[in-house]
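Spelled out, the chains give:
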Amino acid sequence: MRHNNDLRRTIVEMVYRGRDGHIPSAFSILDIVQVLYERVLRVDPRSPNWPHRDYFILSKGHGCLALYVVLERLGFLSREDLDRFCRSGGILGEHPDCTQVPGVEASTGSLGHGFPFAVGIAYGLRLRQMPNRVIVLVGDGECHEGTIWEAAHVAANLRLGNLCVIVDWNGSAAQLLPQDDLPLKWNAFGWSTRVIDGHSQADIVAALQHVSFQGIGTPSVLLAKTIKGKGVPFLEGHGHWHHRIPDEREYQAIMEALA
Amino acid sequence: MSVTHELPRDVFIDCVHQAAQRDKNIYFLSADLGAKALDRFRAERNGQFIHAGICEQNMIDVAAGLALEGKIVYVYAMAPFVTLRCYEQIKVALASMALPVTIIGVGVGYSYDDAGPTHYATEDLSCMRALGGIEIVTPCDTQSVTITAHVTYTQPALRYVRLDRVFLPSVYLPNDTRFLADGMAEIEHGDQVCLITTGYMVHRALEVSKVLQGAGYRIGVVDLYRIKPIDVSVLRRVVERYECIVTLEEHFLSGGLGSAVLEACADAGISRSILRLGIPDQYRFENGGRDYLHRLVGLDVPSLTARIAEFLSRTE
């Protein structure tokens, strides 16, 4: 995690140059995505479609800047790919695209789709008796969508023990439609539920060690308490920064905060 | 042309907000989306503003319930989400019960340019057009957005209002409402090629017509403001002077504006050569902005002028 501010600065540079993107959403999930790829997921940048890989689905696709910078660190993407974010000729857009971007398992961006995709993937793997693990990251605002709970219902009934959901519980959307009883809801849907600190590498790794990832079993959900905009105080929790592109002065201030 | 700096969505929502101040029967439901006008509405008319959460399908059914209670109801979200995601809800809850709900979709076509296909609305028109008893309009400037908002609360009906995401230059002068009664307006006059389009592409059509007029073609431009229903008698009156028709849309060709014009022409017995210009049958993930996407799919000015000129050479 020592390079974390480097990654945050890279994200801000990408948004500043590409004139698009969601900085606070990416900062909210960056620690989770980084620790997953560096310490948990079995993946091979030289062979993104390696049959024995673990699957990571970013259901809240608008947080994809965090995924892009981590994929670049691992070698799935090049620095040039990052530099061409949202630019003509580049493969990286405001939402992840599995048809062009190595390491992206499914195209997402419309909320409430990635998690059901993951249910299908996990079930398909189990049918083939494959041991691959499936981890899907959803937003807490995304939990407004009905399909999230439909998928939760189906996964519990299918006993998809090889599936783990991580909820980016930053509370942002709750400002508009509160849902503070998320652990209770996931429990009620038959999931093994654990609340963790989504900015603590140790907490994330320890929680995942409790997940069996057995083909048949209770699916697991980690409700990761996070801070939208984490790392830059004046971005943290501020709704108007959700899709805001910093001007030059703001860009300098953000970069200084991340120095 | 003068340029307004108000976004279409802010203009529309402010109009509804003002109406809601006078009429307590107006209710506005929004899925998660940031807009300055939404913030104003929510702060000032909290009881009449309902934040429906990021759950568009449920929002439609709740809107139906409010409408069944006699309310004038608006639902608001990004265009692809408030239409395709909610298709059965709109059919069952709104269309089949003929409820007076206004569906506001923001960001039609490639408005959300670098957001990718999840956020593009390039098939909304064909899907929504297939529903029974719905009116579909695409305002192309501030004046037509303002008039549209006014009509939605003075004559409530099931409508789908397609708004662009970006600032649009003026096409109509203040108090010009000719597009309303006829559902269309001839905004450039000619007698050779009738270029029929809607929304954002009205502005592209005006650019194209300027180039083609400079090359000696006699091209007119029609803003097809109301795509459903099309008044075939008006269409006949407008196009009868022209030798041929070209339709232009930032939408897939299957079932879109061009299809609607073809159907109306067939129904009205209008016999003209017709060229349909729109987005080829493929989702595009390329980045680089709306103009770049238009170049890729042939909706930029040079491509359009070349294709129209080639079409004319074949029809002569």
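Not measured: the values here are computed from a predicted model.

**A closer look at the pairing of strand β12 (residues 273–279) of chain B**
Residues and elements named next belong to chain B. As paired elements, strand β11 (residues 244–252) and β12 share six bridges and run parallel to each other. In the strand pairing of β12, L248 is matched with L277. In this fold, β11 hands off to helix α11 (residues 257–268), which returns the chain to β12; that crossover is right-handed.

**Let's talk about the pattern of salt bridges**
Taken as a whole, this structure holds 32 salt bridges over all chains when the rule is applied. Linking D164 of chain B and R290 of chain B is a salt bridge whose minimum nitrogen-to-oxygen distance equals 2.8 Å. Of this pair, D164 of chain B sits in the loop between β6 (159–163) and α8 (178–182) while R290 of chain B sits in helix α12 (residues 290–297), and the two are 126 residues apart along the sequence. The pair formed by D164 of chain B and R290 of chain B is uniform in burial state, with each residue classed as buried. Linking E186 of chain B and R241 of chain B is a salt bridge whose minimum nitrogen-to-oxygen distance equals 2.4 Å. Residue E186 of chain B is found in strand β7 (residues 185–188), and its partner R241 of chain B is found in the loop between α10 (232–239) and β11; the two are separated by 55 residues along the sequence. When salt bridges that share partners are traced, they join E13, R17, R79 and D83 of chain A into one network.

**Description of the domain arrangement of chain B**
Residue and element names in this part refer to chain B. Split by domain assignment, chain B resolves into domain 1 (8–163) and domain 2 (178–315). On the domain 2 side, the residues contacting the 31 residues of domain 1 number 34 residues. Approximately 2,600 Å² of surface area, both sides summed, lies buried where domain 1 meets domain 2, with 58% of it carried by carbon and sulfur atoms. Sorting the residues of domain 1 by area buried against domain 2 places Y110, R129 and C140 first, and these three jointly supply 29% of that buried surface. The tally of links from domain 1 across to domain 2 stands at one salt bridge. The shortest N-O distance in the salt bridge between R129 and E263 comes to 3.1 Å. On the surface where domain 1 and domain 2 come into contact, there are 22 residue pairs in polar contact (both at pLDDT 80 or more). By residue class, the composition of the side of domain 1 that touches domain 2 is 14 nonpolar, ten polar and seven charged.

**Focus on the interface of chain A and chain B**
Between chain A and chain B, the residue contacts involve 30 residues of the former and 20 residues of the latter. For the pair chain A and chain B, the two sides together bury roughly 1,800 Å², of which 52% comes from carbon and sulfur. Of all residues in chain A, S110, E145 and L176 of chain A bury the most surface against chain B, accounting for 27% of the area lost on that side. The interface formed by chain A and chain B contains one salt bridge. With a shortest N-O distance of 3.5 Å, E145 of chain A and R85 of chain B are connected by a salt bridge. Applying the counting rule to chain A against chain B returns ten residue pairs in polar contact (both at pLDDT 80 or more). Residues of the side of chain A that touches chain B, tallied by class, amount to seven nonpolar, 17 polar and six charged.

**Here's the deal with the environment of Q201 of chain A**
If you trace the backbone, Q201 of chain A turns up in helix α8 (residues 201–209). Considered as a pair, Q201 of chain A and I32 of chain A are 169 residues apart in the sequence and their alpha carbons are 7.5 Å apart.

**Details of empty space enclosed by the protein**
Tallied over the entire structure, the rule returns five cavities of 30 Å³ or more. Its volume calculated, the largest cavity comes out at about 100 Å³. Around the largest cavity, the lining is made up of 13 residues, and of these V108, R162, T198, M201 and E250 of chain B lie nearest the centre. Secondary structure elements with two or more residues in the lining of the largest cavity: α9 (200–214) and β11 of chain B. The element that contributes the greatest number of residues to the lining of the largest cavity is β11 of chain B, accounting for three residues. Considering only residue class, the lining of the largest cavity consists of four nonpolar, five polar and four charged. Two domains share the lining of the largest cavity, each providing at least three of its residues, namely domain 1 (8–163) and domain 2 (178–315) of chain B. Approximately 60 Å³ is the volume found for the second largest cavity. Surrounding the second largest cavity, Y37, V43, D44, S47, P48, R53, D54, F56, F76, G103 and E105 of chain A form its lining.

Rules used throughout
Residues numbered from 1 in each chain as written. Chains lettered and ligands numbered in written order. Predicted model: local features only at pLDDT ≥ 70, side-chain atom pairs only at ≥ 80, totals over all residues. Heavy atoms only, no water. Pairing = 2+ DSSP bridges. Helix = DSSP H or I, 4+ residues; strand = E, 2+ residues; numbered from the N terminus. Right-handed = clockwise from strand over helix to strand, strands pointing away. Salt bridge = Lys/Arg side-chain N within 4 Å of Asp/Glu carboxyl O. Buried < 20%, exposed > 50% of the residue type's maximum accessible area, 1.4 Å probe, protein only. Domains from an automatic or database assignment. Contact = heavy atoms within 4.5 Å. Buried area = accessible area lost by both parts, 1.4 Å probe. Polar contact = N/O pair within 3.5 Å; in protein donor to acceptor, adjacent residues only side chain to side chain. Nonpolar A, V, L, I, M, F, W, Y, C, P; charged D, E, K, R; others polar. 1 Å grid on protein atoms, 1.4 Å probe; cavity = no way out; pocket = protein on both sides within 12 Å on 5 of 7 lines; lining within 4 Å. Points joined across faces, edges and corners; volume = space filled by probe spheres on them.

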